[in-house]
Amino acid sequence: MRMAKAAGNTPLPKARAQVLHTLGFGVPATSDPHHFKIIIPKASTGKVQISEHLGLQATSNDNAVIDRVLLDRPRWTAIRAEVQRAFNARLAAHGIKPGTWKVGDNPVDRLLGKEVCVLAWAVEQMEMEKIPVAVRNWLALRPEERWWLFGMTAMSTGGVMDAGKGWRAALKHALGDVAQSELLAPRARRGKSEQDAVQTSLGLFGEDAP
């Protein structure tokens, strides 16, 4: 009886904080959000397509989807594991469930999508033996540096037919060469203190993010 009474007096565990319902890699399960989609074909020889879906931000149906890059399957295979690991670590830090790559459509958060585009653009025409170097250099960049690189590249050479041009070519050389990995990082960001960098990263999935 005493044990039963004690058990009855045991306070209930505190309710867990409500977890944001997401799809894929951190995409809010809302009506037509701005996000990226990585399409992995069933055929092992098929190319992987990365597209940006502007959602409700699109001004018309004609520009609602922007095809950003097509990757040969071996190049995608060379980057997919490290990208998944890095993204899931970021998602976990924000209490968001992890994602995993699967055949078919893979929704990716709009900011993470920008980041994977930077790496995909860098390796799309890169020698296979240099891709591990590019992945390491990409991992060394802070999120806001990847966003900046995406913005600069997307303005002029961000389409699926722009491989090897302008900023796309620059990314290939910058990330594929250890000595050049910092050359394209924004100067203002490089000058920030470590504390400022941490504070900037905390707003990754907030409305104030670029």
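Residues numbered from 1 in each chain as written. Predicted model: local features only at pLDDT ≥ 70, side-chain atom pairs only at ≥ 80, totals over all residues. Heavy atoms only, no water.

## Regarding the overall build of the protein chain
In step 1: Each helix and strand counted, the protein chain has eight helices and six strands in total.
In step 2: Written out in order from the N terminus, the α and β elements of the protein chain read α-β-β-β-β-β-α-β-α-α-α-α-α-α.
In step 3: Taken over 210 residues, the protein chain has a buried fraction of 41%.
In step 4: Residue pairs at least 24 apart in sequence account for 63% of intrachain contacts in the protein chain once pairs closer than 6 positions are excluded. (Helix = DSSP H or I, 4+ residues; strand = E, 2+ residues; numbered from the N terminus. Buried < 20%, exposed > 50% of the residue type's maximum accessible area, 1.4 Å probe, protein only. Contact = heavy atoms within 4.5 Å.)

## Digging into the nonpolar core
Nonpolar side chains in soluble globular proteins tend to end up buried together.
In step 1: Within the largest apolar cluster, 36 residues are counted, with the highest numbers of intra-cluster contacts made by Ile 38, Ile 79 and Val 123.
In step 2: When sequence neighbours within four positions are dropped, the list of residues in contact with Val 123 reads Leu 71, Arg 75, Ile 79, Ile 131 and Ala 134. (Core = buried A, V, L, I, M, F, W, Y, C linked by side-chain atoms within 4.5 Å.)

## As for the packing of aromatic side chains
In step 1: Applying the stated criterion to the full structure yields seven aromatic pairs.
In step 2: Seen in terms of ring centroids, Phe 25 and Phe 87 are 6.4 Å apart; in terms of plane orientation they differ by 70 degrees. Their pairing is edge-to-face. Taken together, the residues Phe 25 in the loop between strand S1 (22–23) and strand S2 (27–28) and Phe 87 in helix H2 (residues 73–93) connect sequence positions 62 residues apart. Summarising the burial analysis for this pair, Phe 25 and Phe 87 share the class buried.
In step 3: Each residue in the set Phe 25, Trp 76, Phe 87, Trp 101 and Trp 138 is aromatic and connected to the rest through ring pairs, giving one cluster.
In step 4: It is Arg 146 that lies over the ring of Trp 138; its NZ or CZ is 4.1 Å from the centre. (Phe/Tyr/Trp six-rings, centres within 6.5 Å; stacked < 30°, edge-to-face > 60°. Lys NZ or Arg CZ within 6 Å of the ring centre and 35° of its normal.)

## Concerning the pairing of strand S3 (residues 35–40)
In step 1: Here S3 runs beside strand S4 (residues 48–53); their pairing, made up of five bridges, is antiparallel. Considered in S4, the bridge of His 35 is made with His 53.
In step 2: Strand direction decides the pairing type here: S3 and strand S6 (residues 104–109), joined by six bridges, are antiparallel. Following the sheet pairing, Ile 39 is matched in S6 by Asp 105. (Pairing = 2+ DSSP bridges.)

## A look at the pattern of salt bridges
In step 1: In the structure shown here, the tally under the stated rule is 11 salt bridges.
In step 2: Here Asp 72 makes a salt bridge to Lys 47, at a shortest N to O gap of 3.6 Å. Here the residue Asp 72 occupies a position in the loop between strand S5 (65–71) and H2, and Lys 47 occupies one in the loop between S3 and S4, the gap between them amounting to 25 residues.
In step 3: A relative accessible area of 30% means that Asp 72 is categorised as partly exposed. (Salt bridge = Lys/Arg side-chain N within 4 Å of Asp/Glu carboxyl O.)

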